[in-house]
Amino acid sequence: TWDPATCSDPAECAKQCGIEGADYKKTYGIDTTGGRDGVTLNFVTKGDYSSNFGSRLYVMDGEDTYKMFKLKNREFTFDVDVSNLRCGLNGAV
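Remember, it's a predicted structure, so these values are computed and weren't measured experimentally.

S.K.: Break down the overall build of the chain for me, with residues and values.
M.R.: Within the chain one finds 2 helices and 4 strands. Taken from the N to the C terminus, the helices and strands of the chain come in the order α-α-β-β-β-β. Here the chain holds 93 residues, and 5% of them are scored as buried. The contacts of the chain with a sequence gap of at least 6 include a subset with a gap of at least 24, amounting to 11%. For the chain, the exposed surface amounts to about 8,700 Å²; the carbon and sulfur share of it is 50%.

Given below as structure tokens:
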């Protein structure tokens, strides 16, 4: 699906936003944090047909290349909420 406020039709959304039709929130547990500056990745997502354990996200730099982050002497920060992490699960990042 697409947001008409962001793009006018599915072709324009695919061109500008890089969506492919997957329901990332429902299937993979990946969602935006209310804006364009962050994402939420859930560990367990129960979908209509199966459960997905773990989530992974790749950042694209172009139409067919991944973004390479060069972090030497730089910082890449993120927050991890482990308040609901059950006993026995590894919370390492």
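What follows continues from the structure just given.
S.K.: Could you give an account of unusual backbone geometry, with specific residues and numbers?
M.R.: Not every positive phi belongs to a glycine, and Asn73 is a case in point at roughly 60°. In this fold, Asn73 is placed in the segment after strand 4 (51-53). Take Asn73: its relative accessible area is 77%, and that puts it in the exposed class.

S.K.: Outline the environment of Ala92, supporting the account with residue identities and numerical values.
M.R.: By secondary structure assignment, the location of Ala92 is in the segment after strand 4. Classification of Ala92 as exposed rests on a relative accessible area of 62%. As for Ala92 and Val80, which are separated by 12 residues in sequence, their C-alpha atoms are 9.6 Å apart.

S.K.: Outline the packing of aromatic side chains, listing residues and values.
M.R.: The tally for this structure, following the rule as stated, stands at 1 aromatic pair. Relative to Tyr66, the ring of Tyr58 has its centre 5.4 Å away and its plane inclined at 45°; by these criteria the two rings are tilted. Taken individually, Tyr58 and Tyr66 each receive the classification exposed, so the pair is uniform in this respect. The side chain of Lys67 reaches across the aromatic face of Phe69, ending 5.9 Å from its centre.

Reading guide: rules and limits
Residues numbered from 1 in each chain as written. Predicted model: local features only at pLDDT ≥ 70, side-chain atom pairs only at ≥ 80, totals over all residues. Heavy atoms only, no water. Helix = DSSP H or I, 4+ residues; strand = E, 2+ residues; numbered from the N terminus. Buried < 20%, exposed > 50% of the residue type's maximum accessible area, 1.4 Å probe, protein only. Contact = heavy atoms within 4.5 Å. Areas by Shrake-Rupley, 256 points an atom, 1.4 Å probe, with all protein chains shown as cover. Phe/Tyr/Trp six-rings, centres within 6.5 Å; stacked < 30°, edge-to-face > 60°. Lys NZ or Arg CZ within 6 Å of the ring centre and 35° of its normal.

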